[in-house]
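This is what each chain is made of:
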Amino acid sequence: MRRQPRGFNVIGLDLQDGNSDNPSKSHSAREEKQRSDPKTMHRRILSLLLCFCVTCAASQSIDDRQRLSTFIQVSDSYFTLGNRKFYFTGTNCYYVLTYSVEEDTRQEVLDVFDGMEELGLTVLRMWAFNDGDHWNALQPEPGVYSRRVFRGLDWAITEAGRRGIKLVLTLTNYFPDYGGMLQYVNWTTGSGDVDDFYSNSECKTLYKRFVGRVLNRRNSLTGVQYKDDPTIMAWELANEARYTSRPGGIAMRNWVREMSRHIKNIDRNHLVTTGSEGFFGEGNLRSANPAPLYDEVGVVSELQHRVNNIDYISAHIWPTQWIPEGNLRQGRRFAAQWIRAQARLGIALEKPVVFGEFGYQPDENPRRNFYTTVYDVIYTLASQGHPVAGSNFWMLASPNYPDYDGYTVYPELDRRSRQVPDNATLPTDSCWRCCMTDGHHCSACDDEEGGITHGKLKAAFLRAKQKFPALQHLSFASAIFCAKHSSHSRLCESIPTEVVADVDEICSRSPRELTHLDVLTQIRENAENMNALNVRV
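Report on the accompanying structure.

Quick notes on the rules
Along each chain, residue indices are assigned from 1 in the same order as the chain's sequence is written. Owing to the predicted nature of the model, reporting of local features is limited to residues with pLDDT of at least 70; listing and counting of side-chain atom pairs is limited to 80 or more, with chain, interface and lining totals taken over all residues. To obtain the side-chain values, all non-hydrogen atoms of the structure were included, while hydrogens and water were left out. We call two strands paired when DSSP finds no fewer than two bridges between them. Helix and strand definitions here come from DSSP, where helices need a minimum of 4 consecutive H or I residues and strands a minimum of 2 consecutive E residues; each element is numbered from the N-terminal end. Only the stretch in contact is used when fitting a helix axis, every axis being a line fitted to C-alpha atoms; angles between N-to-C directions are given from 0 to 180 degrees. Two rings from Phe, Tyr or Trp (for Trp, the six-membered ring) form a pair when their centres are within 6.5 Å of each other. A pair whose planes differ by under 30 degrees is stacked, one over 60 is edge-to-face, and the rest are tilted. For every residue, the accessible area obtained with a 1.4 Å probe (protein chains only) is divided by the maximum for its type, and the residue is called buried under 20%, exposed over 50%, and partly exposed between those limits. A ring is considered to have a charge above it if a Lys NZ or an Arg CZ atom is located within 6 Å of its centre and within 35 degrees of its normal. Contacts are assigned to residue pairs with any non-hydrogen atoms lying within 4.5 Å of each other. Every case where a carboxyl oxygen of Asp or Glu lies within 4 Å of a side-chain nitrogen of Lys or Arg is listed as a salt bridge. In these notes the angle categories are as follows: under 35 degrees is roughly parallel, over 145 is roughly antiparallel, 65 to 115 is roughly perpendicular, and the rest is oblique. Here a crossing is called left-handed whenever its near helix is offset anticlockwise from the far helix by less than a right angle, and right-handed whenever the offset is clockwise. Nonpolar cores are built from buried Ala, Val, Leu, Ile, Met, Phe, Trp, Tyr and Cys residues. Side-chain atoms within 4.5 Å join them into one set. A crossover counts as right-handed when, viewed with the strands pointing away from the observer, the path leading from the first strand over the helix to the second turns clockwise. In this scheme, a helix's expected span is set at 1.5 Å multiplied by one less than its residue total. We call two N or O atoms a polar contact when they sit within 3.5 Å, provided that within protein one can donate a hydrogen and the other can accept it, with sequence-adjacent residues counted only if both atoms are side-chain atoms.

**A closer look at the sheet that holds strand β7 (residues 232–236)**
- Spatially, β8-β7-β6-β5-β4-β11-β10-β9 is the arrangement adopted by the 8 strands of the open sheet, whose pairing is parallel. In this open sheet, the two edge strands, each paired with only one partner strand, are β8 (271–273) and β9 (313–317). In this sheet, adjacent strand axes meet at a mean angle of 25 degrees when their direction is disregarded.

Structural data, given as structure tokens:
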């Protein structure tokens, strides 16, 4: 039973109107006199107000403790979750909302969640909007919301929460994909100018109404309103908003201030950020911009992230789009400088920095090398105490989902369940020598073995050793021979069949597939490194 504050009960008794069970005449007379004394009544009213404030403060203190323990917060330029710092490696997947609506497409969403778990990813950035005449639109008409699609979003949030995955939910899009700002403009002014979205009062009202509907949504599966759900890490105002007709950044800053205040008035639990690409304005950071063009798109990161209700700095990294004539070396150099510049802004504003999108085309070695640079710089800065909190690569998708933009990363879901028995016995380093009875030459020093390059086999073997701890004591030469000739060797039969099949399968892959596996390894290692920074505060 909840105990009421003692002072509250006393005041309650003091304010009785004389109808107690056995009041004495003297008590009634004294009470009547006290009621007629303005000073006494004033003191009683003040006491009642004071007690009410104390009760509210106590309740607020409990709410604050609950929020600190379950919601991601910002403290001293870092994210915290409970009593630990929170660093993360995450990903994007824009189609989660639309593919969560129908049973026959949900597997593509489950594949993403499964892949995140396999890679150790803890934060997913996804769209929480879909406007206009689109498949599975959440807002098919202005101010009209689909219950069916909302139930799909309920399912996605519930499934993410069940797995411990945090969500960054983006509320609209500067680009016309999935409707976004241009759809609001078409519904209102009809001008076709996306910049109207920031200044037109009807556009802003529609956007605020939509945001309010999302934040106040009560999950049909859990009964929890979105604004009270700790599965959600943050709300993003928009994806990569630009205001090209007002390049100074003040107009964009004003819109960010208005909309972030609107969210915080509804939801004090969750973080809010911009979803910005992170371009800089006038000042010593401007030289880090990828090209002069981006000085004039109305995005001034210093201004919009200084807004009080913006909790952390958003930036993206897209060298193949921003520096299309550049090569891989230039892209890696830019990425390193860009990350460090954003970290300096984080120090200046005393806010964490998140790189909400990054990617590289093409696949194979360029992507692998680019990911190496991004992850190495982020981890180095974070481990040194700079306010760089995490990143989300673009993007993780189901193996059944097409690579529409050339940036997609696919998880290795079909190999995840393979395990090696703990008691598996493995051959010695001399096994391959004893097994060479069929005349085949199998030297690890040769340039080629059966048409497969030595480097390719070596990389495959190292990946297999990382995946299967039981292979740690097996030499490279033994692995090659047993994978290629296990049917001819009784000495190699002690290797579990699934391990032989796995190594053999890896070795049969194309160079592109092998470098894709390297990217997955980099993602997994970065996730492990960043998660290791989540120490007590």
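There is more to say after this.
**Some points on the packing of aromatic side chains**
- Applying the stated criterion to the full structure yields 39 aromatic pairs.
- Aromatic side chains F197 and W255 sit 5.8 Å apart centroid to centroid with 55 degrees between the ring planes, which places their arrangement in the tilted category. Pair noted here: F197 is in helix α8 (residues 196–199) and W255 is in helix α10 (residues 250–266), with a separation of 58 residues, a long-range link. Exposure class is identical for F197 and W255. Each is buried.
- Ring pairing ties together the aromatic residues Y94, Y95, Y99, W127, F129, W135, Y178, W318, W394, Y401, Y404 and Y407, which thus form one cluster.
- Over the face of the ring belonging to Y78 we find K85, whose NZ or CZ atom lies 4.2 Å from the ring centre.

**A look at helix α7 (residues 180–187)**
- Three or more residues of α7 are buried, namely G180, M181, Q183, Y184 and V185.
- Of the surrounding elements, those touching the buried residues of α7 are α8 and α9 (201–215).

**Things to note about the pattern of salt bridges**
- Summed over the entire model, instances satisfying the criterion amount to 18 salt bridges.
- The shortest N-O distance in the salt bridge between R163 and E117 comes to 2.7 Å. One end of the pair, R163, is in the loop between α6 (147–162) and β6 (166–170); the other, E117, is in helix α5 (residues 106–119), and 46 residues separate them in sequence.
- Residue E117 is classed as partly exposed on the basis of its relative accessible area, which comes to 43%.
- Within the structure, one salt-bridge network assembled from shared partners comprises D114, E117, E159, R162 and R163.

**What to know about the packing of helix α13 (residues 328–349) against helix α14 (residues 365–383)**
- Put simply, α13 and α14 touch, their axes get as near as 10 Å, and they point 20 degrees apart. It follows that α13 is roughly parallel to α14 by the angle criterion. Both α13 and α14 take part in a crossing whose hand is right-handed. For the pair formed by α13 and α14, the contact residues are L328, G331, R332, A335, A336, I339, R340 and A343 on the first element and P366, N369, F370, T373, V374, V377, I378 and L381 on the second.

**Focus: the nonpolar core**
- Y95, W255, I317 and W338 are the most contacted members of the largest nonpolar core, which totals 115 residues.
- In terms of residue count, the dominant contributor to this core is α13 (9 residues).
- Among all residues touching W338, those that are not within four sequence positions of it are E277, G278, F279, F280, A288, N289, P290, A315, H316, I317, W322 and F355.
- By size, the runner-up hydrophobic cluster in this structure holds 12 residues, among which are I72, F79, A234 and V354.

**Digging into the environment of M530**
- Assignment of secondary structure puts M530 in helix α19 (residues 511–531).
- Distance in space between the C-alpha atoms of M530 and Y87 is 5.6 Å, their sequence separation being 443 residues.
- Residues in contact with M530, not counting those within four places in the same chain, are Y87, F88, T89, I378, Y379, A382, A389 and G390.

**Some words on unusual backbone geometry**
- Here W394 and M395 are connected by a cis peptide whose omega angle stands at -20 degrees.
- Its location among the elements puts M395 in the loop between β11 (388–393) and α15 (431–435).
- Unlike most non-glycine residues, D76 shows phi in positive territory, near 55 degrees.
- Locating D76 in the fold gives a position in the loop between β1 (73–75) and β2 (78–81).
- A relative accessible area of 66% places D76 in the exposed class.
- If you check the backbone angles, Y178 has positive phi at about 65 degrees while not being a glycine.
- The topology assignment puts Y178 in the loop between β6 and α7.

**What about the pairing of β7?**
- Of all 5 residues making up β7, 5 are buried, and the element is well covered by its neighbours.
- Relative to β7, β6 is paired through 4 bridges, and the arrangement is parallel. Following the sheet pairing, V168 is matched in β7 by A234.
- Pairing analysis gives 3 bridges linking β7 to β8, with the strands arranged parallel. Across the sheet, A234 pairs through a bridge with L271, a residue of β8.
- Remark: the β7/α10/β8 crossover connection has right-handed handedness.

**Points about the sheet that holds strand β3 (residues 84–85)**
- Strand order in the open sheet formed by 3 strands is β1-β2-β3, and the pairing between neighbours is antiparallel. Since the sheet does not close on itself, it has two edges, and those belong to β1 and β3, each with one partner.

**A closer look at the pairing of β11**
- Counting buried residues in β11 gives 6 out of 6 residues, a clear majority hidden from the surface.
- The pairing of strand β4 (residues 88–92) with β11 spans 4 bridges and is classified as parallel. Each residue of the ladder has a partner; that of T89, found in β11, is S391.
- Taken together, the 3 bridges between strand β10 (residues 353–358) and β11 define a ladder with parallel strand orientation. Note on β11: the bridge partner recorded for V354 is G390.
- For the handedness criterion, the β-α-β arrangement of β10, α14 and β11 is classed as right-handed.

**Quick word on α13**
- Under the 1.5 Å per step criterion, the end-to-end length of α13 is 31 Å for 22 residues, consistent within 8% with the ideal 32 Å.
- Every buried residue of α13 is accounted for by G331, F334, A335, A336, W338, I339, A341, Q342, A343, L345, G346 and L349.
- For α13, the secondary structure elements touched by its buried residues are α11 (301–304), β9, α12 (319–322), β10, α14 and β11.
- A side-chain oxygen of the first residue of α13 lies 3.2 Å from the backbone nitrogen of R329; this N-cap is N327.

**Brief notes about the side chain of E159**
- Looking at the element boundaries, E159 is found in helix α6.
- Residue classification places E159 among the buried positions, given a relative accessible area of 11%.
- Within the structure, E159 has its side chain in polar contact with the side chain of R162 (distance 2.5 Å).
- Those residues in contact with E159 that sit more than four places away from it in its chain are L110 and F113.

Everything listed here is a matter of coordinates, which is why it stays silent on function.
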